[in-house]
Structures are given as structure tokens and as C-alpha cells.
Amino acid sequence: MAKRYKPTTPSRRNMTGIDYKKVLTTDEPFKPLLLSLKKRAGRNSSGRITVRHQGGGAKKLYRQIDFKQDKLGVPAKITTIEYDPYRNAFISLILYKDGEKRYILIPGDLKKGDEIIADKKTPVKTGNRMQLRNIPVSTKVCNIEILPGQGGKLVRSAGSSSEVMGTEGKYSLVKFPSGEVRKILADCFATIGEVSNQEFKTIKIGKAGRNRWLGKRPTVRGFAMNPCDHPYGGGEAHHSRGTKRPKTKWGKVTGGRKTRKKKKWSNKLIVSRRKSARDKKK
């Protein structure tokens, strides 16, 4: 599925992409489910930049995705597999038996014409959606709810999936891609399978201009700045960082400092924390 390009320039030589022609079935979205969102480019309600390195990018329309899939017991047929400019996974337009059309996040193994269904208990088949309490142990799931009826919030990025570890009382144990094991209410729904576009992580951007198309503005290294602009700035030629701990542009410690609140309400639901890169090396 990976697509390579002729090396007409140095940046083009190592660029890779996804061969959409082999995966997608249409390039025309379903107009009734489109929205035009206002671009904010990392600015707050006052117009001040609160998130750096955002702006520009290609013009795009938002597809209204049905993360809840709350039409229980009604079979649906996959009519298209489409590209979504607002996410790295593919989406699908499904047609319910009663004639309604909705966009959903599509798991990787589904094809045009396949049938899916959402209900409290369904056959264990890729694309079907049901409550965690009814999903067998070791099954891969995605698009997981945090609270019943809220719609999928977790594990929605391309190629990701979680593993159901079991059910204890009103909670199910789910192991996430990070390695964290967490309790989630067993009445919450999840979709069987892993999210589509598994090849996304292998893409090589190749050139700076391609990031600009994605709405990402340049990032300057603190090391390359002046002392007045960054704690790492200044000095002659290649020099050491000059500070004991890694810091942000504003002098806040950023490396090795815990950012999770000690009294966060969901701490009691975490059975096993994710392992850091330092722990994995041991």
C-alpha cells in the first residue's frame, strides 16, 4: 500500500505516501454530512496564539462522524471507503437498512459491501460494535467509549487497537497501545478490530512543503536562537545546553517531570501505568 515517488529532487527521493487508488472507493464525499469549520490557527477567542506552529494548510471540509453508532440492532452496509482530511484513519459511509446514511471510523479489514451491526451483543466480527462485557478476552477493539452513550473517545488513530483483558463486576479491563491497563465500565461500547490505514506510521514526509500543506508552520530549535529568546540560545558553534534540566522557551521544566495531577478522579481506574521510554530500555 506504500507509494514511492521518482527521485526528481533530493527531497522527493525518500518521500513515501499511501496508494489511495488501491484502498479508497470514491473521492466525492457525501454532501449532507459535510461542514465548513472556521480556521483558528492555534488562536484563542481573543485572537492570541496559544498553540504555536499552526496555520495555512489546504482547504478542507469536516465530515460528521458517528462515533456513537447508536442505531442498535439495525444492520448496515458499507457503501464507500473514503479519505478524511481531519484524521489519519479512513472513514466509511454506511447505509442502514432503514435508508439512513452515516459516516463511521472504519476498521482495517472491512471492504465495500460488507455488513456490520451495533448492538449490546453481536457476533465477534471485525466492524461489529457491542458492549465490552460481551467481548471475548484477547479481542482487539477500537473506538472505545469512556462513559456509556457518550460515543467513542479512545483508540481512534490509524492502525491502533486495544486488547480486552477481561471483565470484573461492572468494569472491564482494557490494555491500551501505550501499555496502560485501565478499568472501563463494562456497559461501554467498542468496535471489533483495529483502526484502518495501518501503513500511516511508515510515511516519510520528505520535504518541508508537505508539512505546510498539512497546516504545520516551521519549528525553530531553541539551540539555534539567541540567549534572549530561549534558555538554550547563544554560544559559539556547537555548545552544551547550559541548563541542568530540559526547559521550554519560557523556562518551564519539561523533561522528566510528572504532569498528571495526583488527585485526578480517574487515577483509581488505572490498574497498570504505561511504561516510559526509560523503563523499556531496562
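See the structure above.
Residues numbered from 1 in each chain as written. Predicted model: local features only at pLDDT ≥ 70, side-chain atom pairs only at ≥ 80, totals over all residues. Heavy atoms only, no water.

Caption draft 1: Structural view of the pattern of salt bridges. A full pass over the atoms with the stated rule returns eleven salt bridges. The shortest N-O distance in the salt bridge between aspartate 19 and lysine 22 comes to 4.0 Å. By relative accessible area, which is 69% here, lysine 22 ends up exposed. Put simply, aspartate 70 and arginine 102 hold a salt bridge, and the shortest N to O gap is 2.9 Å. With aspartate 70 in the loop between strand S4 (62-63) and strand S5 (76-82) and arginine 102 in strand S7 (residues 101-105), this residue pair connects regions lying 32 residues apart in the sequence. Given the relative accessible area of 17%, arginine 102 is considered buried. (Salt bridge = Lys/Arg side-chain N within 4 Å of Asp/Glu carboxyl O. Buried < 20%, exposed > 50% of the residue type's maximum accessible area, 1.4 Å probe, protein only. Helix = DSSP H or I, 4+ residues; strand = E, 2+ residues; numbered from the N terminus.)

Caption draft 2: Structural context of the packing of aromatic side chains. This structure, assessed with the given rule, holds three aromatic pairs. Seen from their ring centres, tyrosine 62 and tyrosine 86 are 5.4 Å apart, and the 80° between their planes marks the pair as edge-to-face. In this pair, tyrosine 62 is assigned in strand S4 and tyrosine 86 in the loop between S5 and strand S6 (91-96), connecting sequence segments 24 residues apart. An aromatic cluster is built from Tyr20, Tyr83 and Phe90, whose rings are joined through pairwise contacts. Between lysine 60 and the ring centre of tyrosine 86, over which it is positioned, the NZ or CZ distance is 4.5 Å. Between the NZ or CZ atom of arginine 156 and the centre of the ring of phenylalanine 67, over which it lies, the distance is 3.9 Å. (Phe/Tyr/Trp six-rings, centres within 6.5 Å; stacked < 30°, edge-to-face > 60°. Lys NZ or Arg CZ within 6 Å of the ring centre and 35° of its normal.)

Caption draft 3: Structural detail: the sheet that holds strand S16 (residues 189-192). Sheet architecture is open: seven strands sit in the order S9-S16-S10-S13-S14-S15-S17, paired in antiparallel fashion. At either margin of the open sheet sits one strand with a lone partner, and together these are strand S9 (129-131) and strand S17 (270-272). Neighbour-to-neighbour, the strand axes of this sheet turn through a mean angle of 45°, independent of strand direction. (Pairing = 2+ DSSP bridges. Axes fitted to C-alpha atoms, helices over the stretch in contact; angles between N-to-C directions.)

Caption draft 4: Main features of the sheet that holds S7. One open sheet holds the four strands; their spatial order is S7-S6-S5-S8, and the pairing between them is antiparallel. Since the sheet does not close on itself, it has two edges, and those belong to S7 and strand S8 (115-116), each with one partner. Summarising the sheet, S5 and S8 pair through two bridges and their orientation is antiparallel. Pairing of lysine 77 across the sheet is with glutamate 115, part of S8.

No statement about biological role is implied by the geometric values presented.
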